Amino acid sequence: MKAGSSASGFPVPDHDHASCLTEVIVRAAVAFERQGLRLTDLRRNVLEEVAASHKAVGAYEVLERLASKGGKRLAPISIYRALDTLVAAGVVHRLESRNAFFACHVVHGGNRRQIVLACEQCGAVAEVSRPNVFDDIQTAAGAVGFRMSQVLVEVSGTCAACSRSERPDK
Ligand SMILES: [Zn+2]
Ligand SMILES: [Zn+2]
Ligand SMILES: [Zn+2]
């Protein structure tokens, strides 16, 4: 099994995702503990569904998956609350352009100065770092007296693995 290597962008196809998942859960436990929050069964189950792949998933998809596992059917609000808490803890991010959620596989502390790349073919999401982009945005906004409250950089496209499989001579 290949290592996940998702820290450097998109996951390697056929990597050992179980280790990515374990890493996310461990990081969540630490983040929750530090913030004095409880990683309840619901929060943990929701996190496990979001982190089950490197794809972004919608809240209803999480709800359906949990229900299909034989658990009791949860109210959407419970899922949204659990997601909000996971997002606030920094272990899950919201993909605003698609109203979906993905697990964070990179250690970047509290700052969200990450460029989010979302593949339109396979749905995989990766975060890459290029702080200058955010400095430039700040400079441009500041030049017109604009005070920023939130900056999100989300890019849609095709990941390298999908580009490769698109080639006819594959
Ligand atoms: Zn993985
Ligand atoms: Zn992240
Ligand atoms: Zn892809």
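Let me begin by describing the structure that accompanies this report. (Residues numbered from 1 in each chain as written. Chains lettered and ligands numbered in written order. Predicted model: local features only at pLDDT ≥ 70, side-chain atom pairs only at ≥ 80, totals over all residues. Heavy atoms only, no water.)

**Some thoughts on the coordination of the zinc ion (ligand 2)**
Argument step 1. Protein coordination of the zinc ion (ligand 2) is provided by His93 (NE2), Cys104 (SG), His108 (NE2), Glu127 (OE) and Glu127 (OE), with donor distances spanning 2.0 to 2.4 Å.
Argument step 2. For the zinc ion (ligand 2), all donor residues lie on one chain, and their spacing in sequence is H-x10-C-x3-H-x18-E. Placement of histidine 93 in strand S1 (residues 92-95) and of histidine 108 in the loop between strand S2 (100-103) and strand S3 (114-119) is noted, with a sequence separation of 15 residues between them. (Donors = N, O, S within 2.8 Å, 3.2 Å for Na, K, Ca; no water. Helix = DSSP H or I, 4+ residues; strand = E, 2+ residues; numbered from the N terminus.)

**What about the pairing of S1?**
Two faces make up the sheet, and in a regular strand the side chains alternate between them.
Argument step 1. When S1 meets S2, the two strands line up antiparallel, connected through four bridges. From the neighbouring strand, leucine 95 faces S2, where its bridge partner is alanine 100.
Argument step 2. What sits between the antiparallel neighbours S1 and S2 is a turn of four residues, in which asparagine 99 has the positive phi angle 50 degrees. (Pairing = 2+ DSSP bridges.)

**Observations concerning the packing of helix H3 (residues 59-68) against helix H4 (residues 76-88)**
Argument step 1. The contact between H3 and H4 brings their axes to 10 Å, and the two run at 115 degrees. It follows that H3 is roughly perpendicular to H4 by the angle criterion. When you trace H3 past H4, the crossing you get is right-handed. Where H3 abuts H4, its residues Ala59, Tyr60, Val62, Leu63 and Leu66 lie against Pro76, Ile79, Tyr80 and Leu83.
Argument step 2. The residue makeup of the contact of H3 with H4, split by class, is nine nonpolar, no polar and no charged. (Axes fitted to C-alpha atoms, helices over the stretch in contact; angles between N-to-C directions. Parallel < 35°, antiparallel > 145°, perpendicular 65-115°, else oblique. Left-handed = near helix turned anticlockwise from the far one by under 90°. Contact = heavy atoms within 4.5 Å. Nonpolar A, V, L, I, M, F, W, Y, C, P; charged D, E, K, R; others polar.)

By themselves, these figures tell us nothing about what the structure is for.
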